[in-house]
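Listed below, chain by chain, are the residues.
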Amino acid sequence: YLDRFSAPIPEHSGTVGGASVAPATDEEDPTKNLKLDELQREIFFDVLDGKKEKIVEDANKFIATRSNESFALFLNVMTPAIRHLGDLFGKRKRFIPHLVAAAEAMKAGVGVLQPYLASSNANKSDQKPGTIVFATVKGDIHDIGKNICILMLKNFGFEVIDLGRNVTMEEI
């Protein structure tokens, strides 16, 4: 269906296991200014390409040697990947199915990191910076952005109450 409206969108080029995973040119490489190692680049592209199973594998590899850097991985690798995808969406180079797949991949990756995030997150205080209530209003079925915001805020130490999606004004 999407092929009628756009050209196919190739995944990033390259191989795993020592070879570069960057796209063919610097202009196409969204990681060129991030100073990522090979595994971090893989995780970036796992999010960008919506690779839910692969990100679990790669996040586990990362945690095995650098669990104390889990918050940095979330903040400096996974977050820029989802932000870049948002930019591609804004340019009509990626679409809702890509956003859904990437959000699911990011959620899976954060699931692996979650036990380690509390010990490495930016908010070292026992006191939470605040409580935030989220909901997707009735009639709006999209909760991708809400779910990504919730993940990020929780990782910064906020208490988050998620009322879900399709929530009426009366419930809010």
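Since this is a predicted model, take the numbers as computed values, not measurements. (Residues numbered from 1 in each chain as written. Predicted model: local features only at pLDDT ≥ 70, side-chain atom pairs only at ≥ 80, totals over all residues. Heavy atoms only, no water.)

Draft legend 1. Structural view of the packing of aromatic side chains. Tallied over the entire structure, the rule returns two aromatic pairs. On the numbers, 5.3 Å between centres and 75° between planes, the contact of Phe44 with Phe45 is edge-to-face. On the basis of relative accessible area, Phe44 is assigned to the buried category, the value being 1%. Exposure remark for Phe45: the relative accessible area of 1% places this residue in the buried category. A centroid spacing of 6.3 Å and a plane angle of 35° characterise the contact between Phe71 and Phe74, whose relative ring orientation is tilted. (Phe/Tyr/Trp six-rings, centres within 6.5 Å; stacked < 30°, edge-to-face > 60°. Buried < 20%, exposed > 50% of the residue type's maximum accessible area, 1.4 Å probe, protein only.)

Draft legend 2. Representation of the packing of helix 2 (residues 52–66) against helix 3 (residues 70–90). Orientation of helix 2 relative to helix 3, taken along the N-to-C sense of each, is 135°, at an axis distance of 10 Å. Comparing the axis directions of helix 2 and helix 3 gives the class oblique. In the packing of helix 2 onto helix 3, the handedness of the crossing is right-handed. On helix 3, the residues that touch Ile55, Phe62, Ile63 and Arg66 of helix 2 are Ser70, Leu73 and Met78. Looking at the contact of helix 2 with helix 3, its residues break down into five nonpolar, one polar and one charged. (Axes fitted to C-alpha atoms, helices over the stretch in contact; angles between N-to-C directions. Helix = DSSP H or I, 4+ residues; strand = E, 2+ residues; numbered from the N terminus. Parallel < 35°, antiparallel > 145°, perpendicular 65-115°, else oblique. Left-handed = near helix turned anticlockwise from the far one by under 90°. Contact = heavy atoms within 4.5 Å. Nonpolar A, V, L, I, M, F, W, Y, C, P; charged D, E, K, R; others polar.)

Draft legend 3. View of the pairing of strand 2 (residues 159–162). Bridge analysis of strand 1 (residues 131–134) against strand 2 gives four bridges, and the strand direction is parallel. Paired with Phe134 across the bridge in strand 2 is Asp162. You can see the chain leave strand 1, run along helix 5 (residues 144–155) and come back into strand 2, and the turn it takes is right-handed. (Pairing = 2+ DSSP bridges. Right-handed = clockwise from strand over helix to strand, strands pointing away.)

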